[in-house]
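Residue-level structure breakdown
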Amino acid sequence: MINKGFAKHYYLMLLPGMIWLTLFSIVPMFGIVMAFQDYNPGLGILHSEWVGLENFKYMFSLNDSVTILVNTLVIAVLKIVGNLVFPLVFALLLNELRLRYLKRWIQTIVYLPHFLSWVILSGILLDIFGYTGPVNQILSVFHIKPVLFFGRADLFPALIVGSDVWKEFGFNTIIYLAALTGINPALYEAAAIDGATRFRRMLHVTLPGIVSAIVLLSVLSLGNVLNAGFEQIFNLYNPLVYSSGDIIDTWVYRTGLVNLQFSLATAMGLLKSVVSFLMITISYYLAYRFANYRIF
Amino acid sequence: MVKDNTAGSRLFDIALIVILVGIAILCILPIWYTLAVSLSNNAAASSGRVGLWPVGFNLGSYQELMGDRKFFNSFWISVQRVILGAGLNFVVILLMAYPLSKNAKELPYRNVLMWILVFTMLFNGGLIPWYMTVKSLGLINNIWALVLGNSVPVFSVILVINFFRNLPKELEEAALVDGTGPWRMMIQIFVPLAGPVIATVTLFSIVYHWNEFFNGLVLMSAADHYPLQTYIQQMVVVIDANTMTAEQIQRMSELSNRTLNAAKIFIAMIPVLVIYPFLQRFFITGITLGSVKE
Amino acid sequence: MRAKSMMSLAIAGLMLVLSACGSGGASEKEADVSKDPVDPFGKYSETVTINIGKEVDSADKSLPPGDSPENNVYTRYVKDNLNIDTKIIWQAGVGKDYQQKVNLAIASNDLPDALVVTDTQLRQMVKSNQLADLSEVYEQYASPVLKKIIDSTEGLAMKSVTFDGKMYALPNVTAESDMQHIMWIRKDWLDKLGLEVPRNVEELEKVAKAFVEQDPDGNGKNDTIGISGPQSGGLLNADFINPNNNNYGFDPIFGAYHAYPGFWLKGADGNPTYGSIEPETKEALAKLRDLYAKGLIDPEMSIRKDAQELIKNGTSGIYFGLWWAGGYGPLADAIKNNPKANWQAYTLLDKNGEFTPHMGTPSNQYLVVRKGYKHPEAAIKMENLLLRDESKFDVSVGIGNYPLRIVFAPMDEMYVTYNAMKEVLAGTKKPEELDLPGYKLLKADAENIKKVKLEPYDKMDIQYWDPNADLGAWKRLYSTLVGIAPLMEPYKKTYSLTYSQTKTMESKWATLDKMEKETFLKIIMGAAPLDSFDQFVKDWRKQGGDDILKEVAEIAQP
C-alpha cells in the first residue's frame, strides 16, 4: 500500500538534513582535488598547479608510508579482534551469573569507560602508566625495574589496543547480551536433561545461538580496518613511538597542519577514504548475501 | 533457566563472581585513582606517592578550581553545545531517518541518497577545505560551528532507520486506512514507539558533543571560547618548550599542578557519569533493535 | 532528478566558498599614500586598525581585572602614541597551538594584517605570495636604534628575510648568549661528596655516578638523578632550524665531542656536510647511550611532561641549558623548596680543554605583514616604540602582552650587562652612567644588583644572594652573574652554513628530520642498536639528504 503523494513530503523532511550535509560534508569534499595539485594557498584551489599523480608517487616513495600503513592496519585489526572477542567472552560469563542485581551493577559499571573522552582518559592513562605511577609501583614490589610504558615502541600498540578494548568491551557486550536473550530456554533444559555440564551447555547451546550475531559484527567491522583511532593516539603518542604508533590519521594531521605539505596530506587522506569505502561496500554485500541483513 | 546445584557448579559460580567483579573494578579503578589524586596534597601527587587512597587529604584543589573562571566558562560552553547539538541532532535525525526507512518504491532515489550518506561518512576533503568552508559560512568562533561542524551524525541516522524498519508494518497500514498523512504518521505513530532508539541517539549526541575537543581547537579563535574538553586537552597535552621564551617557560612551570589537573578531569567526567546510568535501559534496547534484525 | 539538483546545490556552495577565498584582500588598494609624514614614531592623524593573530600565554596572570590581551596597558600605549588600534582576530596558546593557527591561516589564505611567524612559515608564505614587500617601509620607517641592532648581526638577520632581493619580514635579533648551551650543576652536592666540578665528559660521568649512588640529598633514599634530559617534545640537541634556547638537551656533550648534529658544517674535504651524519655524532651518541644505560641520565627523559619538575623538587643534580635557564628557569622554585640548592654554571670542555659550542642565528621570529594591507609601516612603528620605551614600562604586566612583540637585543647585550654589573659591584660605575640606547634593562639592573647580591661580591654561591629582597631582580641577575660568567672566557665558535631551509627541504625535511630524531632518541635510550646510526646515514643520504647537501653547497658559496 503505497501513497505516491507522500514522496514529496518525504523529500521535505530530508531537506534540512541534506542542506546540513551539503554545507559541512559535501562542499568541503571538493578539497580532494588538492591531492592532484601542488596546492598553493596564495593561488587557491582554482588556480593551483595540477601535478597529476605526482603526490601519490612521492607518497609511495617514502619509507614513512609503509610504516604508517602497517601501523594503522596492525592497530586497527587488533582492535577489531579484541573488540569482538573480549565482549563475547564477557557476555558469556555475565550470562552465567545468577545474581540479578549484581549483574545489573556490573553492566552499569563496565559501560562507564565508553562514555569518557580520550582527552580525559589519556590524561589518566599517562599518569597511571607513568614512571612513578601506580603500575610501576606495583611492578617494583616484584623487583621489576620501572618501565617507561609510553616510551616503548614495542609496547605502544599493545597499550593502545589494550586501553581501547578496556574502554569499549563493556559497551560492546550490549549486542551479544541482546542476542543471548533470544535463545530458547527449552534448549538449555534439554541439554541439562542430557547431562551436559554448564561449560558444555555454554559451548553447545549458547555459542551457536549467537553465532549469527558474531558473524554479522565481524563483517560490519570491516569498514574499520584503517581506523586506528585518531583521538586516542593523538593524545597519547610521542616521537619515541612513531615507529609503531604513527598512523595514517596522525600522519595526515602532522603533514598538513604542522609541516604545511597540504597536497601530500590530502593524497594520503584520500587513499584512506578509498580503501575504507571499498571495505564498507564489501561488508554491505557480504552482510546482505550471507546474513540477509541490510546495513542501511 | 536450569538450576544446577552441584559442588562444581557452586565453585564455578564463586569464581565467576570474583572474575566479573574484578573486571568491573578494573573499569572504575582509574577513575577512582584520579579522584584520590585530586584529594591529595600536590607534593605527594607529583612524587607519585598516591595510590588508591588520598595522601594528605585536602579539598584545596577543588577550592582552587571554584575560583577558576576559565574552567567554568568552558564548562558552560560545553553545556550550551550539548543542549543545542543534541536538540538539533534529535530533530534532524528523525526527519532524515523516517523517510529513509521507507523502501525505494515509496521514496524514489532512496538508495542513492543512502549511499550519499555513507559516502560522506567516509570521504572528506581534509581539514583545510573544511575549515575554509566553515569560515566562509562565518561561523568561526561561533558556538554553531561546534554544533554544526561535524555535519549530520550519519551513524545515528542509520541506527534509527533500522529501528523504524523493524517496527511492525501493521500499525502503519492501519493508520493509512484511517487517512493519516506522512507527518502525523511520523509524529504520532512512529516517534512514540521509537523511545529507546531516540534516547540512544540522543545519548550519543550528548556524549559526542561533551567529549569532542578537536573542533574546539581549530574553529575557536580564543581560549575563552574553548569547550571543556579542548580546555582539558590544552592542560594535559605536552607543552612544546622549544618555541617558548624564558618568561613563558617560567610561568608555565608554576602552572604544573597535578592535583588541580586531576580535580578538573574529575569534574569534567561528572555530567557523563550522572547521565548514562539513567538512560541505560533505553540505550540497550535502542542499540539492539537498531542494529540486530530479528 | 532530486539527486541532480542536490548536486547543483553543492556546486553552487562550492563556488561560494571559492569566490570568498579568492577575494581576500584583493579589493583593497596596495599601500595608500598617507598624508602623514614619514616618521618612525609619528602618530597617525586617523586611527589605523591592525588585525593580528596573537600567541597568548594562559599562565600569564599579570593582567589586571578588566584588561585582556586585546586591551591592556600596552595596547593602549600603542593607541595613545601611534594612534594604532590593535584587534586580535584570533589567539592561541603558546607553542604548538599558535603554530597550528598560523598554519591554518596560511593554508586557508586567511591571514590577519600582521603576524609573528617561524622560518618555515615565512618561507611558505613567500612561496604562496602572501606577504607584503617590506624593503621600502623598513628603509623609511625603522628607527635608527632598530636598524643598528639589525646591522649588529652583520647581515645574518637580513639574509634570513631576503628573498629575490626583497625583504619580506622584520627579523628579530636575540643576544648571542641565547646560543651557547652550558652546564648547571648542584655545587652543594659536589661539596658534600667532596667532588670537583666536572669539566669534561669523563669527569661528568664520575660525578653523575656519585650523584646517583651516594645519596647527595642525604634523605636516605635512592631517589636522585644524575643528569636531566629533554622533556616530552623537547630536543636532544639544537638544530639549524631551532639553534638557540634548547634547554634540557645534551648540546654541551655533543659539543665536547665536536659533534654538531642538526648543523650544516664544512667537512674535512671542504665540501658541506651535515653534522648528524658525521662520526663524531655517533661517538657522542655512543657515550650518551652508555650514560643512559648506566642510569646516569633521567630514565624518563623525552617522556616526562616537564623537565623542570626534577630540578625544582631537588632530585636532579645536573642539567644543560642557557644562561637564563637558571634564575628564569626552574631555580626560583628550586630554592623555594630548598634554599641551600646551590646551582652554579660551567662550560663542558672537549678533550683538549677547550669550550667548543655550536652557535645559532640571531633571528628566529619574523614579523610579517599580509600582502595588500594598507599600512605595513604600522607594524614597524610598533616595534620602534617598543624598543624605545620598553625600559620605561611597568614590568608587573607581562611584556608578552605587547602586540606583535618580537625581541630586539644587541648581540652583546648580556656580556655588556655582565661587565657592567661587575663594575657596579666594584663601585667603578654608577647606574646613571648605564643608560645606553638599545640596552633597555641595563640601568634597572644596575639599580637592583645590590638589593639581591650580598657580600662578598666576588662569591656567587647561593648563600651570598638574597632572592627574597626582589625575586624578579634575583632571577635576572643570578642568571646573569652565574650563567654568563662561563661565556666570558675565550672559546671556539662553530656556526651552521645555513639557518634556513633550501628548496628540497620544503618537501623532504620533515621526513628526514623525523627519522633523525627518532633514531637518535632510540639509540640513546637503548631501543635501537648503536649501529642503526649507519643505516640512518645511508637512508638519510638516499631519501634526499644528498640533494639537500648540494643545495647547501650552493648557498655556502661565498
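What counts, and at which threshold
Residues numbered from 1 in each chain as written. Chains lettered and ligands numbered in written order. Predicted model: local features only at pLDDT ≥ 70, side-chain atom pairs only at ≥ 80, totals over all residues. Heavy atoms only, no water. UniProt positions renumbered as here; feature names shortened; annotations may be inferred. Helix = DSSP H or I, 4+ residues; strand = E, 2+ residues; numbered from the N terminus. Rg over C-alpha atoms; globule rule 2.2 N^0.38 Å. Buried < 20%, exposed > 50% of the residue type's maximum accessible area, 1.4 Å probe, protein only. Areas by Shrake-Rupley, 256 points an atom, 1.4 Å probe, with all protein chains shown as cover. Lys, Arg positive; Asp, Glu negative; His and termini not counted. Charge placed at Lys NZ, Arg CZ, Asp CG, Glu CD. Contact = heavy atoms within 4.5 Å. Buried area = accessible area lost by both parts, 1.4 Å probe. Salt bridge = Lys/Arg side-chain N within 4 Å of Asp/Glu carboxyl O. Polar contact = N/O pair within 3.5 Å; in protein donor to acceptor, adjacent residues only side chain to side chain. Domains from an automatic or database assignment. Core = buried A, V, L, I, M, F, W, Y, C linked by side-chain atoms within 4.5 Å. Axes fitted to C-alpha atoms, helices over the stretch in contact; angles between N-to-C directions. Parallel < 35°, antiparallel > 145°, perpendicular 65-115°, else oblique. Left-handed = near helix turned anticlockwise from the far one by under 90°. Patch = residues over 30% accessible without salt bridge, like charges linked within 9 Å, V, L, I, M, F, W, Y side chains within 5 Å. pLDDT = per-residue confidence, 0-100. Pairing = 2+ DSSP bridges. Nonpolar A, V, L, I, M, F, W, Y, C, P; charged D, E, K, R; others polar.

Labelled according to an unreviewed UniProt entry, chain C appears under the name Putative aldouronate transport system substrate-binding protein, originating from Paenibacillus rhizosphaerae.

Chain B carries the name ABC-type glycerol-3-phosphate transport system permease component in an unreviewed UniProt entry, which gives Paenibacillus rhizosphaerae as its organism. In its Sequence similarities (unreviewed entry) section, the UniProt record describing chain B reads: "Belongs to the binding-protein-dependent transport system permease family." Quoted verbatim from the Subcellular location (unreviewed entry) heading of the UniProt record, the comment on chain B is "Cell membrane".

**With respect to the overall build of chain C**
Counting its secondary structure elements, chain C contains 19 helices and 13 strands. Relative to the compact-globule value of 24 Å for 558 residues, chain C shows a C-alpha radius of gyration of 25 Å, a close match. Seen through its C-alpha atoms, chain C measures out along the principal axes to roughly 80 × 60 × 55 Å. In chain C, which comprises 558 residues, the share counted as buried stands at 61%. Entry remark: accessible area of chain C is about 22,100 Å², with carbon and sulfur atoms responsible for 51%. Charge centroids of chain C, computed over 65 positive and 79 negative side chains, lie 3 Å from each other.

**Things to note about the interface of chain A and chain B**
Each side of the interface is counted separately: chain A has 90 residues, and chain B has 106 residues. Roughly 9,100 Å² is buried in total at the junction of chain A and chain B, and carbon and sulfur atoms are behind 76% of that figure. Applying the counting criterion to the chain A and chain B interface returns one salt bridge. One salt bridge connects Asp13 of chain B with Arg98 of chain A, and the closest N-O pair in it is separated by 3.6 Å. There are 12 residue pairs in polar contact (both at pLDDT 80 or more) connecting chain A and chain B. Among the elements that take part in the side of chain A that touches chain B, helix H1 (residues 6–26) of chain A stands out by supplying 17 residues, more than any other.

**Things to note about the domain arrangement of chain C**
Residue and element names in this part refer to chain C. The domain boundaries assigned to chain C delineate domain 1 (48–174 + 362–401), domain 2 (182–357 + 498–556) and domain 3 (412–487). Taken over C-alpha atoms, the centre of domain 1 sits 32 Å from the centre of domain 2. Counting each side, the surface lost to burial between domain 1 and domain 2 is near 660 Å², with a carbon and sulfur contribution of 40%. The interface formed by domain 1 and domain 2 includes zero salt bridges.

**Quick notes on the nonpolar core**
Grouped together as the largest cluster of nonpolar side chains are 259 residues, with contacts concentrated most on Phe283 of chain B together with Trp264, Ile318 and Trp540 of chain C. The element that contributes the greatest number of residues to this core is helix H8 (residues 156–181) of chain A, accounting for 14 residues.

**Quick word on the packing of helix H6 (residues 118–128) of chain A against H8 of chain A**
To describe two helices that pack against each other, one gives the angle between their axes and the distance between the axes. All names here are of chain A. Interhelical geometry of H6 versus H8 gives an angle of 125° and a closest axis separation of 12 Å. Accordingly, the angle class assigned to the pair H6 and H8 is oblique. The way H6 lies across H8 gives a crossing that is right-handed. Note on element contacts: H8 touches H6 through Ser163, Asp164, Trp166 and Lys167, opposite Trp118, Leu121 and Leu125.

**Describing a nonpolar patch on the surface**
Residue and element names in this part refer to chain A. A cluster of nonpolar side chains, contributed by Leu73, Val77, Val81, Val85, Phe86 and Val89, occupies part of the molecular surface with about 490 Å² of accessible area. With respect to the element layout, Val89 can be found in helix H4 (residues 63–96). A relative accessible area of 41% places Val89 in the partly exposed class.

**Some words on the confidence of the model for chain B**
Residues and elements named next belong to chain B. In this model, chain B carries a mean pLDDT of 84, and residues with pLDDT of at least 70 account for 88%. Confidence drops under pLDDT 50 across residues 238–246; counting only partners more than four residues distant or on other chains, this segment forms 24 contacts. Overall, residues 249–255 carries pLDDT values under 50, and its contacts beyond four positions in sequence, including any with other chains, amount to 23 contacts.

**Considering the sheet that holds strand S8 (residues 225–227) of chain C**
All names here are of chain C. Strand order in the open sheet formed by four strands is S8-S11-S7-S12, and the pairing between neighbours is mixed. The outermost strands of the open sheet, each flanked by one partner alone, are S8 and strand S12 (343–346). Within this sheet the neighbouring strands show an average axis-to-axis angle of 25°, counted without direction. Looking at chain direction, strand S7 (residues 182–186) and S12 are connected through four bridges and run antiparallel. Among the inter-strand pairings, Ile185 is bridged to a residue of S12, identified as Gln344.

**With respect to the pairing of S7 of chain C**
Put simply, side chains in a regular strand alternate between the two faces of the sheet. All names here are of chain C. Burial analysis of S7 places five of its five residues in the buried class, which makes it a mostly covered element. Alternating residues of S7 divide into Ile182, Trp184 and Arg186 and Met183 and Ile185, and every residue in both groups is buried. By the bridge criterion, four bridges tie S7 to strand S11 (residues 316–321) in an arrangement that is antiparallel. Bridging from a neighbouring strand, Met183 pairs with Phe320 of S11.

**Focus: the interface of chain C and chain A**
The partner chain A presents 38 residues to the 39 residues of chain C that form the contact. Buried area between chain C and chain A, both sides added, is near 3,300 Å², and the carbon and sulfur share of it is 66%. Here chain C and chain A share two salt bridges between them. Here Asp64 of chain A and Lys514 of chain C are joined by a salt bridge, their closest N and O atoms 3.4 Å apart. Counting every contact that joins chain C to chain A gives nine residue pairs in polar contact (both at pLDDT 80 or more). Those elements giving two or more residues to the side of chain C that touches chain A turn out to be helix H1 (2–22), helix H3 (96–107), helix H4 (119–127), helix H18 (503–524) and helix H19 (532–556) of chain C. Residues of the side of chain C that touches chain A, tallied by class, amount to 15 nonpolar, 14 polar and 10 charged.

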